[in-house]
Structures are given as C-alpha cells and as structure tokens.
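Chain residues, written in single-letter form:
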Amino acid sequence: MKAVNMTERHQLRWCEIIEKQARKHRVKGLSYAIVQEGVTVFEHHTGTVTASGRANDGAQKMMIGSNMKLLTALCILQLHEQKKLSIDAPLSTYLPNLSIQSHTPINIMTIRDVLRHTSGLPSDDFNLITDPNATLADLPSRLKKHHLIASPNTMPAYSNIGYGLLGLVIEAVSGMAYETYLENRINAVLKTTFQILETQAKRAAFQATISASFDKKGREVQDPLAVLTPAGSSTYATMADLIRLMHVFMYPDRQRLLKEETMLQMIAPPLPMHEGVFHERTGLGMRHDYLCAYNKAVGPVMGHGGNTLYHHSTFDMFPKHRLGIIAMSNSEGGMAAIASIHTKVRVELFEAMGIVLAKQPKPVPYERIKPPKHLASAYVAPGLKLTVRQKENRLPRLKFMIFPFALKRCEDGFYQALPRGLSRFPLIASMVRRVRFKPAYLGDIAFLYIEQNSNYFRMRTPFAGVYAPTHVSSAWQKALGTYHAKHPEGDRETLVDKAALTMKKGALVLSFKTMQRRLSVYLRVLNDQEAIIQGYGRMAGDTVYLSYEENRCTLRFYGIEVTQKLTESASGKPDF
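Residues numbered from 1 in each chain as written. Predicted model: local features only at pLDDT ≥ 70, side-chain atom pairs only at ≥ 80, totals over all residues. Heavy atoms only, no water.

## Overview of the environment of L510
Let me state the cut-off plainly: For the purposes of this entry, the term helix denotes a DSSP run of H or I that reaches at least four residues, the term strand denotes a run of E that reaches at least two, and both are numbered from the N terminus. Working rule for contacts: check all heavy atoms of both residues, and any pair within 4.5 Å makes them a contact.
Positionally, L510 belongs in strand β24 (residues 507–514). Excluding residues within four positions of it along the chain, L510 makes contact with A499, A500, L501, L519, S520, V521, L523, V544, L555 and F557.

Right, dumping it as structure tokens:
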C-alpha cells in the first residue's frame, strides 16, 4: 500500500477544481473528502445550502440517496448474525403476506437475492415514492399491482422496491421501526447522525441543519421523493457520517457493527452471473468493479452511489490502498460536477501516491472469425435502440439513430465500434472509439455488454436486450396518443407528467420524461391489457397496463397512471 504524499499544491489545486466545476454546473453546495488509513487527508466544502445563503460548512446534512442501501444491508447482516433471520431463507419467511404477480414461473426469492438485486422485483413505484402520505407499510399493498420483471436469480436488475422490503423485514424480525433500529444499532455504535426525513413536515423541523434542494437554474425547490427509506429516498447525513461509515468497510477487523467474518463476506465481490466478462456487479449491498483502472496497481474499486432528483453523492473505495473518496452535492447538476471532479482529482491523487495512471491501451488485435448469430439483432434499452446487421464476408454494421458504425471483433470477444459515414464527424468519432460491445447470454436471455473507456478507467455493464417484434392489437392501436398524469391525491408532483404511445416502424413505443431524462421504451404486447417493457436490467421487464373507462383510456407503468380522452387523435409523435 502506498500512502498519499499530498503537498500544499495538491490541496490548492483540488480546491480550485472543485470550485470551478461547481460553478460550471451551477451547483449550490458541494462537499468532497479523501480519506486514507483512517485519516482525512483532504476535505473541502463550497457554496451554500439554502436560498438565503447559509454556508455549506460540512456540518450541514445532504440527502445521500442509495448510499443508504449500505446501511440497510448492514442491518440485515446484523440480524443474520443474531440468527433472527437467514439471508438464504425465502423472503416470504419474514413477509408471509407479500404478493406479486408474475408472467413467468416464480423461483424462490431469497433475502440474498434482494441484497444482490437479482430478485426480479421492479425497480420503482413512482406513485409511492412521491406520495407524502404514504409509509413504508404501504409497499406490500402497492406491490400487488405489479408483476415481477424476471424470475428470481435470472437477471440482475437494480431494485429500490427490494430494499424497501428489506426495511420491512428488519421491522418484522427486530420488533422495531426501521428508523429506531437505525438509531439504536448504527448511529449509537458509530456515533453518526444518519437521519430519515421522508416528509416535508419533518424536513421543516430540521431546516437549521439540512440542505435544501436546487434545480439546474439554482432555484430552491422541494424534492418530492419520500417513503422507501431503506432504499435511501430521504436519508440525510453529514460528510463526517459518511467518513465514519467508510472506516467500517476499510477496517473489517476493527469495526463494531459486525463480526469480522461477516464483514468480509459483505465486502467480498460476488461471482458474476455471466462468466467471462469482468464487469460491474453487486454483492451484499456493495457495488464492485464499476470502475477499472488500466494500471493494475490501482486495484479493485467498491462502494456505492446515491442520486435523488437534486442530491447526488458517491462513496468510492480502493481497498488495496485503504483509500476512499466521498462527494456530496445538493443540486441538479451535481452528478455531472462530481464526475468531472473525480476525473481530474483521481489522476493527481494517485500521482501523489507514486502511481501513474496508465492511459487507455491500444485496441487488442482483431480476430477474423464469424460473429455469433444473435449479434445481428436489434437491441433496446430505455432511451435507445441499436440495430446490428451482418452480411456475408463483411464486418457487422451497427446503427444508432442516423449514425452508422462498423464492428470489429477483438481477441477478448468485445467488438470495437469504428466510425462510418456520418459518424466520422470528429466529435462523434472520438466518442465512438471509446466504446466496445460484447454479445452474451444469461440463460435464454440475449443481451449486450457495453464497455466505456475514458483516459484512465473503463466501465463495463450489461445494458441492452434483444428486441422482440410484437403484434400490436387493435386495443393498443386505439390507445395511441398523448397522455397526461393522473393525480388521485390532488396536485402533488409526480415523476412523469406526460407520456406518449406511438408506433415507430412497426414497433410500439412509450415515451416519457422522468428524473430529468427523456426516455423511449419499446413494448412487447402480451394481450389487450398488458405489455412488457423490452430491454435488460433496471427499468426493463416492467409491465405496462392498459384500461378503458367511458371516454378515456389509462396507462399504468412504474406505479403511475397517465390518461387520455379517446377523442384525442394520435399524432404518432410525442408533444414534449
């Protein structure tokens, strides 16, 4: 292990980078810390946490989003040690009244499956997590209206709903409310102040210590996310809290939350569900290998991340060097700002440790062998569609929107994208040369891995599934058009205000905007009332429900409902 040899020049340089990126991305408040060997070697706080200008001094709390899942996993493993539950027991053992529909045979869903995001549970219920009157106890009744997105242990798919259910398991076997268990078994031991404030009323009571939320124009707004607290929707923490939490994972032999052997299981990377590709995967609440340095001296990466609508945080650890980096922000542009800061600071940080980060290596030699048959397919993921065509004695061709590319097979089985035609424009070409693909199977599911290469790191993750052509029945044809959000509880904010159901070259497409993203998902019709969102992983496999009532039709997806009058004509194009 090499220690950080940080000089005053490094301190000033990193502060300058943080300040510059915060201004560039209009981030009101941002905090950044680097820890090694139990010591905070760098910490910087900039900006404000309220519209009135209260300084972000490090004592202020920001939402940590899904970083809360690390705490939920710790609680589950504590109860596992106490033999109050077994992580290999069926989830139904502890939630016997739990019910969810399925289009496929249901295997046994274990707590381990839920921890690893291989449960087949949907990602989110948007209505539940924006309902200010809902509680965690409402989750099982909401789940009855959903279908599984896959049979348990057949497809990795990130699920906030799954971690919400783990919170209910904690309550069932401990006899305490989730918040009480967190206070007694985590905060009391670590001397931390993790705090769940899932309603505006609770947040108002702690205005003096928590950060507000800011949109991309720097205006103070209300973050509508609530409930599902074990998944991190409304958990607040200081930088000091996250630093103490990081020490727990860095020193499994010194922490007091779990036995050492249990902690070693939690931080150990799991076997990948698909062999032969080194890629991101999730263990017992911990993400692994979502980042891989070209220089092997850097070693593996583990941690988590947390994003709400306006708060963003990262929690990255390099265990080989007992090194950790934490970032927190309170603004819509925080994710982009933190990514830019990491890109610059990581290079100088490892240089200060005597490790020069190697740049992206040249592509490995190409093999002239015939591609697998299923490479020539259409692949879909939320927001995109890729089409790969294969002609005899020619390189496979990939088309994304109007941009064509050739694919050359590398010796490791990945395909390098090569610009062709319009994609030769310098900006497009430079982006394309950093991307590689690899077709794979998980059981009978065909999908693509994507490898994204930066100057010093690469990321590999499964991202798109093979598109299946579908017959669009008259019921779905009649439903084409523009939809608007249905607000059963008044005018509260929803995560989807408008949607459109259209036909594109024979494909049935649902388009909508959520979490500051415009998405188009491709549907596979099951019957006149149900269709499946095609793709692979998170946000894929969910069921879209169609119903008619008098002169209106309703679509329900991700737990929200949108409606249109049947007299409204279908334009074929979304008006947003």
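Next comes the rest of the write-up.
## Regarding the sheet that holds strand β26 (residues 530–533)
Remark on secondary structure: sheet strands pair via backbone hydrogen bonds, oriented parallel or antiparallel. Note the threshold: Two strands are counted as paired when DSSP detects at least two bridges linking them. Lines fitted to C-alpha atoms define the axes, with helix axes restricted to the stretch in contact, and inter-axis angles between N-to-C directions lie between 0 and 180 degrees.
Taken in spatial order, the eight strands line up as β22-β23-β24-β25-β26-β27-β28-β29 and close into a barrel, and their pairing is antiparallel. Looking at each pair of strands side by side, their axes are set apart by 30° on average, direction ignored. Bridge count for strand β25 (residues 517–525) against β26 is three bridges, and the pairing is antiparallel. Of the residues in β26, the one forming a bridge with V525 is A531.

## Here's the deal with the packing of helix α5 (residues 160–174) against helix α6 (residues 178–190)
The test is simple: Angle categories are assigned with fixed cut-offs, so that under 35 degrees is roughly parallel, over 145 is roughly antiparallel, 65 to 115 is roughly perpendicular, and the rest are oblique.
At a closest axis distance of 9 Å, the pairing of α5 and α6 adopts a crossing angle of 75°. Comparing their axes, α6 and α5 come out roughly perpendicular. Where α5 abuts α6, its residues G167, I170, E171 and S174 lie against Y178, E179 and Y181.

## Structural notes on the sheet that holds strand β13 (residues 323–329)
If you trace the seven strands from one edge of the open sheet to the other, you get β2-β1-β13-β12-β11-β9-β8, paired in antiparallel fashion. The open sheet has two edge strands with one neighbour each: β2 (39–47) and β8 (281–282). Where β8 and strand β9 (residues 287–288) come together, two bridges link them in antiparallel fashion. Opposite R281, over in β9, you have H288 as the bridge partner. Together, β1 (29–36), β11 (302–307), β12 (312–318) and β13 form the strand contacts of helix α10 (residues 334–351), whose direction differs from that of β13 by roughly 155°.

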